[in-house]
Amino acid sequence: MTPAKLLPAAFAALCLSACNSTQPAAVAVAPAVATRNVTPAGFRLPEGSGCTGAIDRYRAIMANDIAMGHVNQGVYATIEGEIDAAAAACSAGRDAQAVALVRASKARHGYPG
């Protein structure tokens, strides 16, 4: 065999030998992001009515979601700012506006009404 014909044959043999490898495939494991993976057994949403109750419940949901890793810190900070705006409206006696701000924030971020 000439050297020009020997090189492709050696390459083919090398490729075929790789197919017969008995080493197991590597499995990538993603690191855990959440600090916990389930809502704590004693978790209860705050009670209350009006804008104060709506704000307290939304804050509790967000605290749980950030602890579970369901939202990242940037989204959490954005939502907290929106909750703070609702709390300011609530403190100023603008109940309807505060509840509307909570509902708008929930809708914007995919939380049920």
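Conventions we followed
Residues numbered from 1 in each chain as written. Predicted model: local features only at pLDDT ≥ 70, side-chain atom pairs only at ≥ 80, totals over all residues. Heavy atoms only, no water. Helix = DSSP H or I, 4+ residues; strand = E, 2+ residues; numbered from the N terminus. Expected span 1.5 Å × (residues − 1). Buried < 20%, exposed > 50% of the residue type's maximum accessible area, 1.4 Å probe, protein only. Polar contact = N/O pair within 3.5 Å; in protein donor to acceptor, adjacent residues only side chain to side chain. pLDDT = per-residue confidence, 0-100. Contact = heavy atoms within 4.5 Å. Salt bridge = Lys/Arg side-chain N within 4 Å of Asp/Glu carboxyl O. Arc of directions from axis to C-beta.

### What to know about helix α3 (residues 73–91)
Phase 1 of the analysis: Spanning 19 residues, α3 covers 26 Å between terminal C-alpha atoms, matching the ideal 27 Å at 1.5 Å per step.
Phase 2 of the analysis: For α3, the full list of buried residues reads Y76, I79, E80, E82, I83, A86, A89 and C90.
Phase 3 of the analysis: Here α3 starts with a cap whose side-chain oxygen sits 3.0 Å from the backbone nitrogen of G74, and that cap is N72.
Phase 4 of the analysis: At the exit of α3 stands G93, carrying a positive phi of roughly 85°.

### A look at the confidence of the model for the chain
Do not read the fine detail of predicted coordinates wherever pLDDT is low.
Phase 1 of the analysis: Taken residue by residue, the chain gives an average pLDDT of 80. The fraction at 70 or more is 67%.
Phase 2 of the analysis: Counted against residues more than four places away or in other chains, residues 28–34, with its pLDDT under 50, gives three contacts.

### A short note on the pattern of salt bridges
Phase 1 of the analysis: Applying the stated criterion across every chain, the model contains four salt bridges.
Phase 2 of the analysis: A salt bridge links D84 to R59; the nearest nitrogen and oxygen atoms lie 3.0 Å apart. Of this pair, D84 sits in helix α3 while R59 is found in helix α2 (residues 50–68), placing the two residues 25 residues apart along the sequence.
Phase 3 of the analysis: R59 gets classed as partly exposed once you look at its relative accessible area, which sits at 26%.
Phase 4 of the analysis: For R108, the salt bridge is made with E82, and the minimal N-O distance between the two is 3.2 Å. Of this pair, R108 sits in helix α4 (residues 95–109) while E82 sits in helix α3, and the two are 26 residues apart along the sequence.
Phase 5 of the analysis: With a relative accessible area of 52%, R108 lands in the exposed category.
Phase 6 of the analysis: What makes E82 buried here is its relative accessible area of 18%.
Phase 7 of the analysis: When salt bridges that share partners are traced, they join R59, E80 and D84 into one network.

### Topic: the environment of D56
Phase 1 of the analysis: Tracing the sequence through the fold places D56 in helix α2.
Phase 2 of the analysis: Taking the C-alpha atoms as reference points, D56 and P46, 10 residues apart in sequence, are found 6.2 Å from one another.

### As for α4
For an α-helix, 3.6 residues make a turn, and residues three or four places apart therefore share a direction.
Phase 1 of the analysis: With 15 residues, α4 extends 21 Å from end C-alpha to end C-alpha; this agrees with the ideal 21 Å at 1.5 Å per step.
Phase 2 of the analysis: Turning to α4, its buried residues number three or more, namely A98, V99, V102, S105 and K106. The buried residues of α4 occupy an angular sector of 125° when the element is viewed end-on, so they sit on one face. Looking at α4, the residues exposed on the side facing more than 90 degrees away from the buried face are A96, R103, A107 and R108.
Phase 3 of the analysis: Downstream of α4 by one or two residues, G110 has phi in the positive range, about 85°.

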